[in-house]
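# Geometric and topological summary
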Amino acid sequence: MELRETIEGMIDKPLGRMRDEEAVEWVLRRRLTKKEFKVLMGPLRGVSDAQLQEKLKLDTQRLKEIRSSIRRKLNRDSIKRELYETGKTS
């Protein structure tokens, strides 16, 4: 599954057409913490939850909290405007 599909699955109210893959990744690198970015990208790069937990030294509860935080951030209007081609540039 590609990055944009994954993100669109997490966003409650999309704002139209999402930017290209490279632009989306750039926004995510800027707006998410390093751990959040690695947790989001892990499954896309074929990394299992167990491997993520070991590499980032997380327990199951903390992994869930980070995923919840990612979803919350992606649904912020300011970040959504950056992810979608809304005609406004940041």
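Our subject is the structure that appears above.
A short tour of the structure in this document, coming up. (Residues numbered from 1 in each chain as written. Predicted model: local features only at pLDDT ≥ 70, side-chain atom pairs only at ≥ 80, totals over all residues. Heavy atoms only, no water.)

## Describing helix H3 (residues 34-41)
Rule in force here: Each residue is assigned to one of three classes by its accessible area relative to the maximum for its type, calculated with a 1.4 Å probe on protein chains only: buried under 20%, partly exposed between the two thresholds, exposed over 50%. The way it works is that DSSP assigns letters per residue, a run of H or I at least four long becomes a helix, a run of E at least two long becomes a strand, and they are numbered from the N terminus. Contacts are residue-level and defined by heavy atoms, with any inter-residue pair within 4.5 Å sufficient.
Regarding H3, the residues found buried are Glu36, Phe37, Val39, Leu40 and Met41. Of the surrounding elements, those touching the buried residues of H3 are helix H1 (3-10), helix H2 (21-31), helix H4 (49-56) and helix H5 (60-74).

## Concerning the pattern of salt bridges
What counts, and what does not: By definition, a salt bridge exists where a carboxyl oxygen of Asp or Glu is found within 4 Å of a side-chain nitrogen of Lys or Arg.
According to the stated counting rule, one finds 10 salt bridges in the structure shown. Salt-bridge contacts for Arg4 lead to Glu21; the nearest nitrogen and oxygen are separated by 3.9 Å. On the criterion of sequence distance, the pair formed by Arg4 in helix H1 and Glu21 in helix H2 is long-range, its members being 17 residues apart. Under the relative-accessibility criterion, Arg4 is labelled partly exposed at 27%. Glu82 serves as the salt-bridge partner of Arg30, at 3.0 Å between the closest nitrogen and oxygen. With Arg30 in helix H2 and Glu82 in helix H6 (residues 77-83), the pair connects residues that are 52 residues apart, well separated along the chain. Using a relative accessible area of 5% as the deciding quantity, one classes Glu82 as buried. In this structure, a network of salt bridges that share partners links the residues Glu2, Arg4 and Glu21.

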